Amino acid sequence: MSNNTTESATPGFLVWRLSMKWRVAIDRALAPLGLTHAQYSLLGSLWGMQRSGLRPSQRALADHTGLEALYVSKLARGLEAAGLVERAPDPADTRAVRLSLTDQGLAVSGRAVEVVRRIVDGLLAPLGGLEGPGTEAFTHALTALLDVPVPVLTEPSAKESS
């Protein structure tokens, strides 16, 4: 982007452009592993959770990733068919499905996490890379923005607008 574009751009536009840039870079980097960015979001999160001793439900994984529960279900079924994920009924809740990585899923996820880590480190180079002080401040700012509830806007009634 040119300086003229960034000087007049809104924060929302810049967040959109950055998210698209990162998504394209990660999609391209993961293609040799046969994964999309969305699949990686599920596998990478599941990999981290499983390493922490968790076996999350599809709902918990949806909440963690910010993906819609229906989309997580669709992704999980596809990853199950590929032999990367196991889906099992939750013994405590018959409506819930618990997810875990297969041995193949653990191997692929570990490689994918390393690939994405290298890509993100490069994308964060202007801030000092993954471990840079600028990245820490950037992470805090993003976290603050993500913690703000989405405002619910309603259209003014006909009486209010007159």
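Residues numbered from 1 in each chain as written. Predicted model: local features only at pLDDT ≥ 70, side-chain atom pairs only at ≥ 80, totals over all residues. Heavy atoms only, no water.

Caption draft 1: Region of interest: the overall build of the protein chain. Scanning the protein chain for helices and strands turns up 8 helices and 2 strands. Reading the protein chain from its N terminus to its C terminus gives the helix and strand order α-α-α-α-α-β-β-α-α-α. In terms of C-alpha radius of gyration, the protein chain reaches 19 Å, well past the compact-globule figure of 15 Å for 162 residues. Oriented by its inertia axes, the alpha-carbon framework of the protein chain measures out at about 55 × 50 × 25 Å. For the protein chain, buried positions account for 28% of its 162 residues. (Helix = DSSP H or I, 4+ residues; strand = E, 2+ residues; numbered from the N terminus. Rg over C-alpha atoms; globule rule 2.2 N^0.38 Å. Buried < 20%, exposed > 50% of the residue type's maximum accessible area, 1.4 Å probe, protein only.)

Caption draft 2: Seen up close, helix α4 (residues 58–65). Where α4 is concerned, the buried positions are Gln58, Leu61 and Ala62. Mapping the buried residues of α4 onto a view down its axis gives an arc of 105°, with all of them on the same face. Buried residues along α4 sit against α3 (37–51), α5 (69–81), β1 (85–90) and β2 (93–101). Trailing α4 by a residue or two, Gly66 shows a phi angle of about 85°, which is positive. (Arc of directions from axis to C-beta. Contact = heavy atoms within 4.5 Å.)

Caption draft 3: Geometry of the pairing of β2. For β1 and β2, the ladder comprises 6 bridges, and the chain directions are antiparallel. Bridging across to β2, Pro89 finds its partner in Val97. Taken together, β1 and the strand that follows it, β2, pair antiparallel across an intervening segment of 2 residues. (Pairing = 2+ DSSP bridges.)

Caption draft 4: Highlighting the side chain of Thr102. For Thr102, the location among the structural elements is in the loop between β2 and α6 (103–123). Residue Thr102 is classed as buried on the basis of its relative accessible area, which comes to 15%. From its side chain, Thr102 meets the backbone nitrogen of Gly105 in a polar contact 2.9 Å long. Sequence-distant contacts of Thr102, that is, excluding residues within four places in its chain, are made with Gly83, Leu84, Val85 and Glu86. (Polar contact = N/O pair within 3.5 Å; in protein donor to acceptor, adjacent residues only side chain to side chain.)

Caption draft 5: Spatial organisation of the nonpolar core. In terms of nonpolar packing, the biggest core is built from 26 residues, with Leu30, Leu35, Leu43, Leu61, Leu79, Leu84 and Val85 touching the most fellow members. If we ignore the near neighbours within four places in the chain, the residues touching Leu84 are Leu35, Leu43, Leu79, Ser100, Leu101, Thr102, Gln104, Gly105 and Val108. (Core = buried A, V, L, I, M, F, W, Y, C linked by side-chain atoms within 4.5 Å.)

Caption draft 6: Representation of the packing of α3 against α4 within the structure. Their axes nearest at 10 Å, the elements α3 and α4 cross at an angle of 110°. Relative to α4, the element α3 lies roughly perpendicular. Taken together, the residues of α4 that come into contact with α3 (itself represented by Ser41, Leu42, Ser45, Leu46 and Met49) are Leu61, His64 and Thr65. Looking at the contact of α3 with α4 residue by residue, the class counts come to 4 nonpolar, 4 polar and no charged. (Axes fitted to C-alpha atoms, helices over the stretch in contact; angles between N-to-C directions. Parallel < 35°, antiparallel > 145°, perpendicular 65-115°, else oblique. Nonpolar A, V, L, I, M, F, W, Y, C, P; charged D, E, K, R; others polar.)

Caption draft 7: Representation of the packing of α3 against α5 in the model. Contact pair α3 / α5: the axes reach a minimum separation of 10 Å and the direction vectors enclose 85°. Here α3 lies roughly perpendicular to α5, going by the angle between them. Seen from α3, the contacting residues are Ala38, Gln39, Leu42 and Leu43; seen from α5, they are Tyr71, Val72, Leu75, Ala76 and Leu79. Here the residues of the contact of α3 with α5 are counted per class, giving 8 nonpolar, 1 polar and no charged.

Caption draft 8: Seen up close, α3. The first and last C-alpha atoms of α3 sit 20 Å apart over 15 residues, in line with the 21 Å expected at 1.5 Å per residue. Of all 15 residues making up α3, 11 are buried, and the element is well covered by its neighbours. If you check which residues of α3 are buried, you get His37, Ala38, Gln39, Tyr40, Leu42, Leu43, Gly44, Ser45, Leu46, Trp47 and Met49. In the core, the buried residues of α3 are packed alongside α2 (11–30), α4, α5, β1, β2 and α6. Among the residues trailing α3, Gly53 stands out with phi positive, at a value near 90°. (Expected span 1.5 Å × (residues − 1).)

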